[in-house]
Amino acid sequence: MMRALILGGTADANSLAAAIARAGIDAVYSYGGRTATPAEQPLPTRIGGFGGVNGLADYLRREAITHLIDATHPFAAEMSRNAIAACAQTATPLLALERAPWEKTPGDRWIEVADVVSAVTALPETSANVFLAIGRQHLAPFGTRPQHAYTLRFVDPPEQALPWPDAEIIVSRGPFTLEGELAMMRARAIEWIVARNSGGGGARAKIDAARALGLPVIMITRPHLPDRPRVERVSDVMEWLGHRTCLGA
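Residues numbered from 1 in each chain as written. Predicted model: local features only at pLDDT ≥ 70, side-chain atom pairs only at ≥ 80, totals over all residues. Heavy atoms only, no water.

Caption draft 1: Looking closely at the confidence of the model for the chain. Averaged over the chain, the pLDDT score is 91; the fraction of residues at 70 or greater is 97%. Per-residue pLDDT stays below 50 along residues 245-249; that stretch engages in ten contacts with residues further than four places along the chain or on separate chains. (pLDDT = per-residue confidence, 0-100. Contact = heavy atoms within 4.5 Å.)

In structure tokens:
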């Protein structure tokens, strides 16, 4: 009997859950617990961590999971590494559903950096209006640059005080349009953007808007992960599960 576990929290994971539900595959959708109001899924859902590699391995055995699909955010490196190790422990087949990263095109003014700390260093010393599009878990290092006026966008309102005196919070859930991003950046006179190279179409509009406005983007590259089987399309995951014809049902 097949029983799949989806490590989710992304638009790709949501599309996969819908396809798996249509196919009638026994599966569980797992949220990491970072979002207070996660999107509802057509599958049984669990929320929260597993307790590291051993905790995830125990879950795979206890729940008789036969296939694991890692459809987490490309920057959820710890979870992805835990999945690789737990699947190796339990001999559970693993497949990553991972969108391709964005590629720099003519007109882009990217400053590519390796991590959040390097992104902070790349910001100018003089005061500027900065759009931080990096998620709420990575804000603390920017507290060393309080001279900037920051705009942030979260799915949920922040539960803790932000590390700067001058910050504006937008509470909104994507995907976002180019027109909307242009309007937001113009209204707030954004001069710099800090983003992670998430890839995909749902979050790309801010990158296209930056190009259209000629704004510099400090682009944080993806963390390195061990080699693992990966695909970019839901249809490829369904074929891996042996259900290649069910997507249009």
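Don't stop here, the text continues.
Caption draft 2: View of the pairing of strand 11 (residues 216-220). Along strand 11, five of the five residues are buried, which leaves the element largely enclosed by surrounding structure. Here strand 6 (residues 109-113) runs beside strand 11; their pairing, made up of five bridges, is parallel. Its bridge partner lying in strand 11, I111 is registered against I218. Across four bridges, the pairing between strand 10 (residues 192-196) and strand 11 is parallel. Along strand 11, the bridge assignment pairs I193 with V217. With helix 6 (residues 205-213) bridging strand 10 and the parallel strand 11, this β-α-β connection has right-handed handedness. (Buried < 20%, exposed > 50% of the residue type's maximum accessible area, 1.4 Å probe, protein only. Helix = DSSP H or I, 4+ residues; strand = E, 2+ residues; numbered from the N terminus. Pairing = 2+ DSSP bridges. Right-handed = clockwise from strand over helix to strand, strands pointing away.)

Caption draft 3: Structural context of the sheet that holds strand 12 (residues 230-231). Strand order across the open sheet formed by six strands is 3-2-1-4-5-12, with parallel pairing between neighbours. Since the sheet does not close on itself, it has two edges, and those belong to strand 3 (45-47) and strand 12, each with one partner. When strand 1 (residues 4-7) meets strand 4 (residues 67-70), the two strands line up parallel, connected through four bridges. Within the sheet, the bridge partner assigned to L7 lies in strand 4 and is D70.

Caption draft 4: Highlighting the packing of helix 2 (residues 52-62) against helix 3 (residues 77-90). Two numbers describe how helix 2 lies on helix 3: the axes approach to 8 Å, and their chain directions differ by 50°. With respect to helix 3, the axis of helix 2 lies oblique. Crossing of helix 2 over helix 3 shows right-handed handedness. Of helix 3, the residues touching helix 2 (which contributes G52, V53, N54, L56, A57, L60 and R61) are M79, N82, A83, A85, A86, C87, Q89 and T90. Of the residues contributing to the contact of helix 2 with helix 3, the split by class is nine nonpolar, five polar and one charged. (Axes fitted to C-alpha atoms, helices over the stretch in contact; angles between N-to-C directions. Parallel < 35°, antiparallel > 145°, perpendicular 65-115°, else oblique. Left-handed = near helix turned anticlockwise from the far one by under 90°. Nonpolar A, V, L, I, M, F, W, Y, C, P; charged D, E, K, R; others polar.)

Caption draft 5: Broad picture of the pairing of strand 2 (residues 27-31). Most of strand 2 sits out of view: five of its five residues are buried. Residues A27, Y29 and Y31 of strand 2 are buried on one face, and the alternating residues V28 and S30, pointing to the opposite face, are buried as well. One ladder, built from four bridges, connects strand 1 with strand 2; its direction is parallel. If you follow I6 over to strand 2, its bridge partner there is Y29. Following the backbone out of strand 1, through helix 1 (residues 11-23) and into the adjacent parallel strand 2, one traces a crossover that is right-handed. Relative to strand 3, strand 2 runs parallel, the two sharing three bridges. Looking at the pairing, Y29 lines up with T45 of strand 3.

Caption draft 6: Structural context of the packing of aromatic side chains. By the definition in use, this model includes three aromatic pairs. For the pair Y29 and Y31, a centre-to-centre distance of 4.8 Å together with 55° between the ring planes defines the contact as tilted. Given a relative accessible area of 0%, Y29 falls into the buried group. When its relative accessible area of 9% is taken as the criterion, Y31 is described as buried. Judged by centre distance (6.3 Å) and plane angle (75°), the ring pair of F142 and Y150 falls under edge-to-face. Looking at F142, the relative accessible area reads 0%, which means it is buried. Look at Y150 and you get buried, because its relative accessible area is 1%. (Phe/Tyr/Trp six-rings, centres within 6.5 Å; stacked < 30°, edge-to-face > 60°.)

Caption draft 7: Expanded view of the environment of A133. Residue position: A133 is located in strand 7 (residues 129-133). Looking at A133, the relative accessible area reads 18%, which means it is buried. Placed 19 residues apart in sequence, A133 and L152 show a C-alpha to C-alpha distance of 6.4 Å. Among residues more than four places away in sequence, those in contact with A133 are V194, A195, R196 and K206.

Caption draft 8: How the structure looks around the side chain of S198. Mapped onto the elements, S198 comes out in the loop between strand 10 and helix 6. The contacts of S198, once residues within four sequence positions are left out, are H73, P74, F75, R99, W102 and R222.

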